[in-house]
Amino acid sequence: MALIRAADALEQAFRASDILARLGGDEFVVLATETSGKTEELVLRRLEKNLKELNAEETRYELSLSIGVARFDPKCAVPLGELMAQADEAMYEQKRKHQRAYKGSN
């Protein structure tokens with residue numbers, strides 16, 4: 001159920017022209033075409049809003065996502081695998097920051 005809700009939140013946050021895929025387990029990837037920094041912020045806020053709404057509907061568990069973003073620069077193109085590695089590292093950095101903030105609040 002958690003995977004279905006996560007997929008629903010992602011699908012609602014992104015456009016029909018964006019590509020969403022489940023890599024495996026609880027990992028998803030999105031190829032958002034023609035996304036500027038400003039658009040990226042809007043999409044992330046929309047995703048956060050979707051998660052809050054889904055969590056309000058489901059009281060047995062709280063769904064959360066860790067997100068890593070990598071940007072493709074056509075002037076300095078890198079292979080898709082490298083972009084995935086950059087996004088993965090950004091996601092783990094977000095997780096580390098969240099853990100430090102959580103430990104600091106205890």
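Rules used in this analysis
- Residues numbered from 1 in each chain as written.
- Predicted model: local features only at pLDDT ≥ 70, side-chain atom pairs only at ≥ 80, totals over all residues.
- Heavy atoms only, no water.
- Helix = DSSP H or I, 4+ residues; strand = E, 2+ residues; numbered from the N terminus.
- Buried < 20%, exposed > 50% of the residue type's maximum accessible area, 1.4 Å probe, protein only.
- Contact = heavy atoms within 4.5 Å.
- Areas by Shrake-Rupley, 256 points an atom, 1.4 Å probe, with all protein chains shown as cover.
- Axes fitted to C-alpha atoms, helices over the stretch in contact; angles between N-to-C directions.
- Parallel < 35°, antiparallel > 145°, perpendicular 65-115°, else oblique.
- Left-handed = near helix turned anticlockwise from the far one by under 90°.
- Nonpolar A, V, L, I, M, F, W, Y, C, P; charged D, E, K, R; others polar.
- pLDDT = per-residue confidence, 0-100.
- Pairing = 2+ DSSP bridges.
- Salt bridge = Lys/Arg side-chain N within 4 Å of Asp/Glu carboxyl O.

Moving on, we come to the overall build of the protein. When its secondary structure is counted, the protein shows three helices and two strands. When the elements of the protein are put in sequence order from the N terminus, they spell out α-β-β-α-α. If one aligns the C-alpha atoms of the protein with their principal axes, the spans along those axes are about 45 × 35 × 30 Å. Out of the 106 residues in the protein, the part that is buried amounts to 17%. At a minimum sequence separation of 6, the contacts of the protein that also span at least 24 residues come to 41%. Total accessible area on the protein stands at roughly 8000 Å², and carbon and sulfur atoms take up 55% of it.

Direction vectors running N to C along helix α1 (residues 2–13) and helix α2 (residues 37–57) enclose 140 degrees, while the axes themselves pass 9 Å from each other. Between α1 and α2, the crossing angle belongs to the class labelled oblique. The two elements α1 and α2 meet at a crossing, and its hand is right-handed. Across the interface between the two elements, R5, A9, L10, Q12 and A13 of α1 pack against V43, R46, L47, N50, L51, L54 and E57 of α2. Here the residues of the contact of α1 with α2 are counted per class, giving seven nonpolar, two polar and three charged.

Confidence in the prediction for the protein averages 84 pLDDT; 94% of positions are at 70 or higher. Ranking the elements of the protein by mean pLDDT puts helix α3 (residues 80–104) last with 83 and α1 first with 87.

Looking at the secondary structure, you find L10 in helix α1. Since its relative accessible area comes to 8%, L10 is described here as buried. Each C-alpha atom of the pair L10 and L51 lies 9.0 Å from the other, and the pair is 41 residues apart in sequence.

The next subject is the pairing of strand β1 (residues 19–24). The pairing of β1 with strand β2 (residues 27–31) spans five bridges and is antiparallel. Along β2, the bridge assignment pairs G24 with E27.

Should their charged atoms come close, side chains of opposite charge can pair. Counted by the stated rule, this structure contains eight salt bridges. In this structure, E53 and K49 form a salt bridge, with 3.0 Å as the shortest nitrogen-oxygen distance. Separated by four residues within a single helix, E53 and K49 lie in helix α2, roughly one turn from each other. With a relative accessible area of 38%, E53 lands in the partly exposed category.

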